[in-house]
Structures are given as C-alpha cells and as structure tokens.
Amino acid sequence: MADARSATGPSVHHRSDAVDRSDTVDRSDTVAGRVDARARLAGLQLDLARALMAGGQAPAGFDAARLSAAALSLYRKRSRTVAAAWPGLAAALNTEFRARFDAYAAVVPLPGDGGPLADGRAFARWLAANGTLPAAGRREALAVDARFTTGRHGLTARRWPAARAAWLAQSRELVWAVWVPHVGLRWGRLHLGRWRLTS
Amino acid sequence: MSTGGRPRLGLGIGWRPELALAIERRGDLGFVEVMAESLAADDPLPAPIVALRSRGVTVIPHGVTLSLGSAEPPDPRRLAALADLALRLDAPLVSEHIAFVRAGGLETGHLLPVPRTWDSVDVLVANIQAAKAALPVPLALENIAALFEWPAADMDEAAFLTAVLERADVALLLDIENVYANARNLGFDALAFLDAIPLDRLAYVHVAGGAVEDGLYHDTHAHGVPPAVFELLAALAQRTDVPGAMLERDGHFPPDAAVYNELDAIAAALARGASRRTSRDDGYG
C-alpha cells in the first residue's frame, strides 16, 4: 500500500511548498496519468469501505481500533437516520428496532439513491419478508411508495401522479396515499363503517 | 459588499425543519444553509425557505453525496440537481466536501477521508473541475473530521487541503470544529493548521459541537459547541476577515434560547478575533 514515489520532502507547513511540485512529474496533465491515479485510488477506497461497512478486515497500515470506532459510528448513523426518517416504524418496533435493524443491515447494503428514506424502505421490505411489518411501517411505506419508485439503487422521485393503498387488518381500515407533483402528498383512511379524511 | 469577490454572508445557521421557527424568529441572520439532498427537484421549496428568501436571507445549498474524493468522476445527475437548486435558491455559491462517500458501488452514508497522496490531489482536482463546469455559481469545499488516518501519507492535512484548493481554484468552507476534532484525535496543532491553509479562499465557516466517547472526540452536531471551538473561531477571525459563519445542529435539538445563545457566541468570537487583528497586508504565499 505504501507509495514508492512518496514525498516531496518533509511534512509541509508552508502553503507554497505544497503547490510547488517541480520535482515531481505533473501526472494530472495526462489522461493516462489520471486514469492510473483513479485506478489506484479506487482499490484503496473499496478496501476501506468494505472494512467499515461490511465488517471486512482493516487494510494494512490502519489503526484497527480507530477503524473499529469509525465503523461503529457509521453503523449508528445508519440506524439513527433510518429511525428519524421512519419515526412511526421505529416507534412501533420500539425495543425490537435495534435487533431487527442489526439483522437487516448485516445483509442489505446502504442504497445509493435516497439516503435514510431509501434505507428505511428497504428495511420495511425486509421486515415484511422476514417477519412482520408493523402497521405504522406499512403506512409510512405507502407515503414513500406514492412519491418514489424503488429501483436497483434505491428510491427515485416519481414524475407522474401515483396512488398506493393498503388494507390494515388489525385496525380494519383501508389506508391510501396519493401524490401529485408540485402539489404534494394527500392521504386518507377508511375505517370500516366511517369515513375520515386526513391530509 | 464582498471580500475578494466572495459575498459577505454574515451570521448563519444550518436550516433544519426542527429549527424552522427559531430561525424564522431570529432577526439578524444573513444566511442559512440547506442540505441539498433534502430538497427534491420536483417538490416546491419549503415555505419557510421561500419566506427567508423574500426577507433577503441568502440560502446556500450544501451537498453531501457528490463524493468528489471518489475515484469515479462525479455523477452528472447529482451535479445537475445541485446546479438546479442553486438557481432556484438564487444562491451565490454552493458547497460540498473534500471526502468520498462511495467506492465501487458501495455506499458508506458518511463522509470519509481521502488518502493524503498526490494521486488523491490529481483525482480530486479533476473531479472538482468537472463539478465547476456543471455549476452556475462558485463552489466552496469543506474539510471533514476523521477518527482515523490513512497510512503512507505524502503530506499533512493542511498541505493536502491547500494543494487541492489551490490547484482546483475553489473556495474554502472551513469547518472549525472539524479542525478542532482532527487536531485532537490525530495529534496536530490547530493554530499551525490555520496558519498553513489559504485563508484568502475562505467563503464561510461551520461551527458545531460534539462529544467525547472512549477518549475520542466525535463530531456529532448534536451537542453544544465546546468553548475551545469558539476560541479557535476567534483565532481564525484574528487571522482573516470571515465573510460568514454558521451554527450546525443536526440532532438533540435544544430549546430556541440555547440555539440563540450559540449564535450569539459565534458573533462574539468573531468580534473578539477581529478586534485582535492588526491591520496588515496578507503576508502569506
């Protein structure tokens, strides 16, 4: 991992020294040079990302304890931001949230598009497939599904109006969400025997 | 009135829905910063943001997902979204980070440090140039906090930041708490760091709080700003004119009064530093 080309000198503190690289080849001016630099960087970064996100081994030369602290911090952030983006689901799972999310996060990587909202949608999908998705989670999923399509990389905002509905057996109600671009989300519930419109 | 072509922003804060009322009621804010990814292209701007704009408050979009430090070039769709947002907000600049968030299709959900090598400088500069070409307004880049360091660095953090900013010719969003965090966790002198970076490129400043856990300082944005960070802010203001400085708070939101106190403390630290600054020509470089 150590780069044999190495330093332009001792650790620099003076601004102008960092800019003056006359003693090294200016590789960025060549496309080939930049492609090489990208390839080298890609390998290094993938190794680190795997170590932090997928429980992979710390690459050579890193302080393992520091990486461990960083990995924990990243995991907590993932968990915390999903709970914040899906408060109904988090509240419904209550003390079960941590264990369920741990199990999910161990097998499903963070989606590329849509951040914690997309991560939570994937978590809700995993819960439905691996046990129970609480009613609060189903309601929140409706709202997300009305506004977004789910693709391979995560959530993509819909360009056209969409509606989603679900029957919640436990509370005996039909819940729906309608989304119209530039207008927003509207949703309602039909309880057996009674209309209620919520926006 | 601008400082070397950069707008005078004044006192600011990171806009969050939880702080919307407190922000609306604060009369002396010159700018707010919004998380670019929270404002979808097809949705109308949140009413509070529109209200701030109509009051003359500057709104700056701040991205976290461009991943300019990745080996891959920035995604044109993400660049287009940021550009579009800048126009919709009539923003004088946009900001992002010197960091990577994804590698080989694996998302990390967090800003990670790039190796401090000339390879990284080359790649970052190329990525930044691609970003600049796609953006309608100037770009400012933020230094991040990291709990760990890459092995085999070619240079220290100040030199790396300087190399990237100078070669890419972009402005600096200096996160003063990240300087404090890294100096503390990675063992360098924060004041020497300030002396070694191109402060003439300063666009604005982030001020935030964190907490210590297991001997490491974590940049949580969910705790009060430590006194040492305010002192570092004063030291910065002693060294250079600061066009704008803002409070960042992302969680464990305190009562409005506590937020206002921290904004007041930012203003006080800037004033304290400025009063110590002697008139002189910029002696750097």
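For the structure, check the block above.
Residues numbered from 1 in each chain as written. Chains lettered and ligands numbered in written order. Predicted model: local features only at pLDDT ≥ 70, side-chain atom pairs only at ≥ 80, totals over all residues. Heavy atoms only, no water.

1. Focus on the overall build of chain A
Just so we agree on the cut-off: Helix and strand definitions here come from DSSP, where helices need a minimum of 4 consecutive H or I residues and strands a minimum of 2 consecutive E residues; each element is numbered from the N-terminal end. Remark: exposure states derive from per-residue accessible area (1.4 Å probe, protein chains only) relative to the maximum for the residue type, with buried under 20%, exposed over 50%, and partly exposed in between. Every accessible area reported is derived by Shrake-Rupley at a probe size of 1.4 Å, with residue values counting cover from the shown protein chains alone.
For chain A, the helix and strand inventory stands at seven helices and six strands. Of the regular secondary structure in chain A, the N- to C-terminal order runs α-α-α-α-α-α-α-β-β-β-β-β-β. Counting all 199 residues of chain A, 37% fall into the buried class. Working note: accessible area of chain A is about 11300 Å², and carbon and sulfur atoms make up 56% of it.

2. Examining a nonpolar patch on the surface
What counts here: Here a patch means residues that are over 30% exposed by relative accessible area and free of salt bridges, tied together within 9 Å if like-charged and within 5 Å if nonpolar (Val, Leu, Ile, Met, Phe, Trp, Tyr). Salt bridges, as used here, are contacts in which a Lys or Arg side-chain nitrogen is within 4 Å of a carboxyl oxygen on Asp or Glu.
Together, W167, L174 and L192 of chain A give the surface a local cluster of nonpolar side chains, amounting to about 280 Å² of exposed area. If you trace the backbone, L192 of chain A turns up in the loop between β5 (184–191) and β6 (194–198).

3. Focus: the interface of chain B and chain A
Using the following cut-off: Should any heavy atoms of two residues lie within 4.5 Å, those residues are considered in contact. Buried surface area refers to the total accessible area, computed with a probe of radius 1.4 Å, that the two partners give up upon joining, counted for both partners together.
Counting from both sides, the interface comprises 53 residues of chain B and, opposite them, 51 residues of chain A. Interface of chain B and chain A: buried area, both sides summed, is about 4600 Å²; carbon and sulfur atoms make up 60% of it. On the chain B side of the contact with chain A, D42, W118 and D119 of chain B bury the most area, a combined 15% of that side's loss. For the pair chain B and chain A, the number of links is three salt bridges.

4. Section: the environment of R172 of chain A
Residues and elements named next belong to chain A. Structurally, the position occupied by R172 is in the loop between β3 (162–168) and β4 (173–180). Taking the C-alpha atoms as reference points, R172 and P109, separated by 63 residues in sequence, lie 35 Å from one another. Leave out the neighbours within four places in its chain, and R172 touches W167, L190, H191 and L192.

5. Comments concerning unusual backbone geometry
Residues other than glycine predominantly adopt negative phi, and peptide bonds predominantly adopt the trans conformation. All names here are of chain B. In the Ramachandran plot, D169 falls in the positive-phi region, its phi being about 55° despite a non-glycine side chain. Looking at where D169 falls in the secondary structure, it is placed in the loop between α5 (157–168) and β10 (171–175). Even without glycine at this site, H252 takes up a positive phi of about 45°. Mapped onto the secondary structure, H252 falls in the loop between β14 (244–247) and α9 (256–276).

6. Regarding the nonpolar core
Counted only if it meets this: Grouping buried Ala, Val, Leu, Ile, Met, Phe, Trp, Tyr and Cys residues that are joined through side-chain atoms within 4.5 Å yields what is termed a nonpolar core.
With 101 residues, the main nonpolar core has L174 and L236 of chain B as its most contacted residues. What L174 of chain B contacts, discounting residues up to four positions off in sequence, is N143, V179, F193, L194, I197, L202, Y204, V205, H206 and L236 of chain B. Counting residues in each nonpolar core, the second largest holds 21 residues, with Y104, L117, A124 and F148 of chain A among its members.

7. Concerning the pattern of salt bridges
Per the stated rule, a full pass over the model turns up 22 salt bridges over all chains. Among the ionic pairs, D28 of chain B bridges to R26 of chain B, the shortest N-O distance being 2.6 Å. Salt bridges sharing partners connect three or more residues here, namely D113 of chain A together with D75, R77 and R78 of chain B.

8. Structural notes on the pairing of strand β4 (residues 31–35) of chain B
Each regular strand shows side chains that alternate between the opposite faces of the sheet. Residues and elements named next belong to chain B. Note the threshold: Pairs of strands are assigned from DSSP output, requiring at least two bridges between the strands. With its strands directed away from the observer, a crossover is right-handed exactly when the path from the first strand over the helix to the second travels clockwise.
Taking burial as the measure, the five residues of β4 include four buried ones, the bulk of the element. In this structure, strand β3 (residues 10–14) lies alongside β4, joined through three bridges in parallel fashion. Its bridge partner being in β4, I13 is matched across the sheet by V32. Regarding topology, helix α1 (residues 20–25) serves as the crossover connection from β3 to the parallel β4, and that connection is right-handed.

9. Focus: the packing of helix α8 (residues 227–239) of chain B against α9 of chain B
Residue and element names in this part refer to chain B. Definition in use: Only the stretch in contact is used when a helix axis is fitted, and all axes are lines through C-alpha atoms; the angle between N-to-C directions ranges over 0 to 180 degrees. Throughout this description, any angle smaller than 35 degrees is read as roughly parallel, any larger than 145 degrees as roughly antiparallel, any in the 65 to 115 degree range as roughly perpendicular, and the remainder as oblique. Here a crossing is taken to be left-handed if its near helix is turned anticlockwise relative to the far helix by less than a right angle, and right-handed if that turn runs clockwise. By the convention adopted, Pro, Cys, Tyr, Trp, Phe, Met, Ile, Leu, Val and Ala count as nonpolar, Lys, Arg, Asp and Glu as charged, and the other residues, Gly among them, as polar.
α9 packs onto α8 with a crossing angle of 40° between their chain directions and a minimal axis gap of 7 Å. Comparing their axes, α9 and α8 come out oblique. Once α8 is placed against α9, the crossing between them reads as right-handed. On α9, the residues that touch F230, E231, L233, A234, A237 and Q238 of α8 are E262, A265, I266, A269, L270, R272, G273, A274 and R276. Class assignment for the residues of the contact of α8 with α9 results in nine nonpolar, two polar and four charged.

10. Some remarks on the pairing of strand β11 (residues 202–207) of chain B
Residue and element names in this part refer to chain B. Taken across its six residues, β11 has six buried, putting it largely inside the fold. Bridge analysis of β11 against β14 gives three bridges, and the strand direction is parallel. Its bridge partner being in β14, H206 is matched across the sheet by M246.

11. Structural notes on the packing of helix α6 (residues 176–186) of chain B against α8 of chain B
Residue and element names in this part refer to chain B. It is the contact of α6 with α8, at a shortest axis distance of 9 Å, that shows an interaxial angle of 115°. One way to sum up the angle between α6 and α8 is to call them roughly perpendicular. In terms of crossing hand, the pair formed by α6 and α8 is right-handed. The residues of α8 that touch α6, namely those facing I176, E177, V179 and Y180, are A228, V229, L232, L233 and L236.

12. What about helix α2 (residues 31–53) of chain A?
Every α-helical turn comprises 3.6 residues, leaving residues that sit three or four positions apart pointing alike. Basically, it comes down to this: By this rule the span expected of a helix is its residue count minus one, scaled by 1.5 Å.
Helix length check: α2 of chain A, at 23 residues, gives a terminal C-alpha distance of 32 Å against a target of 33 Å (1.5 Å per residue), a fit within 8%. When α2 of chain A is considered as a whole, its buried residues turn out to be G33, A37, R38, L41, Q45, L46, L48, A49, A51 and L52 of chain A. Considering only its buried residues, α2 of chain A is in contact with α3 (64–85) of chain A together with β7 (100–103), β8 (106–112) and α4 (118–134) of chain B.

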